[in-house]
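Single-letter residue listing:
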Amino acid sequence: MGAVSFSQMLSSGPSPFYSVQARPRNLEVGRRSYLFSVWRRRYGCDQLLMRRLATGVSGRSGEHGVVGNPQSQDGFSDGGVGEEGEDKMMTMMKKKQSGGNGLVMDPERDINGSVVSYHLIPPAQTDGNLLVSAPEDLRDVEPEGAEDVGSIEEAKVRITYNIIFVTAEAAPYSKTGGLGDVCGSLPIALAARGHRVMVVCPRYLNGTSADENYAGAVDMKCSTNIYCFGDVQEVNFFHEYRKGVDWVFVDHPSYQRPGNPYGDVYGAFGDNQFRFTLLCHAACEAPLVLPLGGFTYGENCLFLVNDWHASLVPVLLASKYRPYGVYKDSRCILIIHNLAHQGVEAAATYKNLGLPAQWYGAVGWVFPTWARTHALDTGEAVNLLKGSIVTADRILTVSQGYSWEITTPEGGYGLHELLSNRKFVLNGITNGIDVNEWNPSIDEHICSHYSSTDLSGKVRCKIALQKELGLPIKPNCPLIGFIGRLDYQKGIDLIRSATPELMAEDIQFVMLGSGDHHFEDWMRSVESTYKEKFRGWVGFNVPISHRITAGCDILLMPSRFEPCGLNQLYAMRYGTVPIVHSTGGLRDTVQNFKPYAQEGEGEGTGWTFSPMTKESMLSAIRTAIRTYREHRASWEGLMKRGMENDFSWERAAVQYEQVFQWAFLDPPYVK
Ligand SMILES: Nc1ncnc2c1ncn2[C@@H]1O[C@H](COP(=O)(O)OP(=O)(O)O[C@H]2O[C@H](CO)[C@@H](O)[C@H](O)[C@H]2O)[C@@H](O)[C@H]1O
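Note that the structure is a prediction, hence the values are computed from the model and not measured. (Residues numbered from 1 in each chain as written. Predicted model: local features only at pLDDT ≥ 70, side-chain atom pairs only at ≥ 80, totals over all residues. Heavy atoms only, no water.)

(A) Inspection of helix α13 (residues 492-504) at higher detail. Compared with an ideal rise of 1.5 Å per residue, which puts 13 residues at 18 Å, α13 spans 19 Å between its outermost C-alpha atoms and is within 8% of the ideal. Every buried residue of α13 is listed here: Ile 492, Leu 494, Ile 495, Ala 498, Thr 499, Leu 502 and Met 503. (Helix = DSSP H or I, 4+ residues; strand = E, 2+ residues; numbered from the N terminus. Expected span 1.5 Å × (residues − 1). Buried < 20%, exposed > 50% of the residue type's maximum accessible area, 1.4 Å probe, protein only.)

(B) Just the nonpolar core, in detail. Of all hydrophobic cores here, the largest spans 103 residues; its most connected members are Leu 190, Phe 237 and Phe 303. For this core, the element with the highest residue contribution is helix α6 (residues 272-289), accounting for eleven residues. In this structure Leu 190 touches Ile 163, Phe 165, His 195, Val 197, Leu 304, Ala 653, Tyr 656 and Phe 660, once residues within four positions along its chain are discounted. Counting 64 residues, the second-largest nonpolar core is a separate cluster that includes Met 511, Phe 519, Met 523 and Ile 579. (Core = buried A, V, L, I, M, F, W, Y, C linked by side-chain atoms within 4.5 Å. Contact = heavy atoms within 4.5 Å.)

(C) The arrangement of the sheet that holds strand β17 (residues 380-383) in detail. Taking strand neighbours across the sheet as the criterion, the three strands line up as β15-β17-β16 in an open arrangement whose pairing is antiparallel. Bordering the open sheet on either side are β15 (344-346) and β16 (364-366), each of which pairs with just one other strand. Each strand axis lies, on average, 45° off the axis of its neighbour in the sheet, ignoring direction. Helix α9 (residues 384-391) rests against β16 and β17 of the sheet, and its axis sits at about 65° to β17. (Pairing = 2+ DSSP bridges. Axes fitted to C-alpha atoms, helices over the stretch in contact; angles between N-to-C directions.)

(D) Representation of the UniProt feature "domain: Glycosyl transferase family" (unreviewed entry) in the chain within the structure. According to UniProt, the "domain: Glycosyl transferase family" (unreviewed entry) feature falls on residues 473-634. When the span residues 473-634 is considered, its composition is 43% helix and 17% strand, and the gap between its end C-alpha atoms is 24 Å. (UniProt positions renumbered as here; feature names shortened; annotations may be inferred.)

(E) Structural view of the sheet that holds strand β20 (residues 479-483). Within the open sheet, the six strands sit side by side as β22-β21-β20-β23-β24-β25. Their pairing is parallel. Only two strands of the sheet have a single neighbouring strand rather than two, namely β22 (534-538) and β25 (607-609). Strand after strand, the sheet turns through a mean of 20° between neighbouring axes, direction not considered. Pairing analysis gives five bridges linking β20 to strand β21 (residues 508-513), with the strands arranged parallel. Across the sheet, the residue bridging to Leu 479 is Gln 508, located in β21. Along the sheet, α13 makes contact with β20, β21, β22, β23 (554-557) and β25, crossing β21 at roughly 160°.

This is the structure in structure tokens:
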């Protein structure tokens, strides 16, 4: 099935105006057919009907639903339903629902008069958090498909959203760092809380076993034409429904090549602007054209766009869709995981982005004089992240500390003034972690399991790691680890400058990372110099990252800046004490050790050092080593406090919901 894309309509249709009327009719039929099937199959069976209502299924996607898992995998194949059928259905539903508690169904019609949704009108009062109590007769209904519905009495009706994540990577399908982790976990946490969630990312095929990650995704046979870079590009969509989330993969030849999502051994791909422009266009079409589980997400949705790769989305919404009446009630939140990467290219590439000419100002960017390369360089460029900062409804970063840092000249990478101007809609929410994947009591990658109440398995993990790395087996020697991209952000240069002093200590040190070739070569050379003490593992290897996290005593993170940081969270969960530079999310999540607090019991979960100098880092490491050797009880306290922290996505998801509500309280920022 070749769906009609919005771009296609604009380019082929005689009218420059786009309205709901112009939407592909087959989608409306799909919705109606779906609604009618629900009624026909389930009406008369109170439990099932109520369950359907409680799961928030409505014909018009994008409306606020009620808590539960709204995704249906039922394959409804009936034909369409006429107006008469709809009205009958509504009357009967009203009859069923309206007694006593005042719950009624309110139909919403599109401009053709077709019923596109039924609103529940709850009788209850809303409180400040926009939560309403479930009507009595919904309370004993278990939401269909919900993984954890809690006790019957606790069931709540909560406002839910149709959420579209747009991202360059999402684990386990694709991951080069923390962005993949977050976009692989947060959608699942939000879906578990009743939201309808779609993640749109590229379908990367690089000819390795990683291609198997997409084995469960089926071709939706729903190609869409995208107009950009002076041509028409056909993209396809693949889909997998997993853990309550619609994982949608954009398929295009430019995502099929050796290497990682951004580059290969020769460096970053030269056409990344093209590849992620395609992603953004495709992501804007996906909610309109993909009948997932029988019906589309629709246009009243909430886009969560991650980093520069997805930053064109709010600009497209404002410039290409809203002027024609589409996505008028949608909202878009930009999530900044790393401000250092902004998607900057020459100004001449603007014409390739598929934006109207008069919107240049949204993404146009001028480098300050000092950053220009020669006297004739005007400094003009297009900056996709900047485009998102000035058009998104709200902006989020992945920790509170970082949300402040990016408004300063030191942390703003040239965008601090723009970000300061929007600080009223700028918030920080600390990332969570996947507490099932990262759980030392069940982790499939480690040889011995342990927990905060029984730490005995940790030393076995340490011995196993020493064996695996070919280091001398020394259970009492402090083993320090580093995991991460080898680049300037992560402070590798600080480790490099401190290596001679570090190697003079009675310690072992293991580094896992890939990135800058100079640092990779440096790791290899240190390993050959300090064979008894140092191991450098060049590459990207998830199982070994688990074993290092479990087997080490200390994790070192001297990041120059760190929007949140996940490895220190994983480390704490594994009883591995973090030593971090006091910046961004590292400062927010690691509490500096105070040995005499709590009447001598001690307080804190690690060490935070500042300023970012070799001396200050070495001093923190030496203090940690002394504590490890000479104060075992204090060390155990540090481990246990870290392990008992709540880093779950559940906690973060609740905070995200608050920001979603704020986004919908305000009108769209760019109408
Ligand atoms: N060689 C290797 N082998 C195996 N696994 C490896 C690896 N190198 C890195 N990883 C893994 O990649 C992830 C890195 O996450 P981080 O949050 O620490 O940094 P990153 O800078 O990529 O993320 C950005 O986005 C995240 C998410 O918001 C922010 O936390 C962070 O501050 C920001 O810089 C971790 O899961 C880590 O284990």
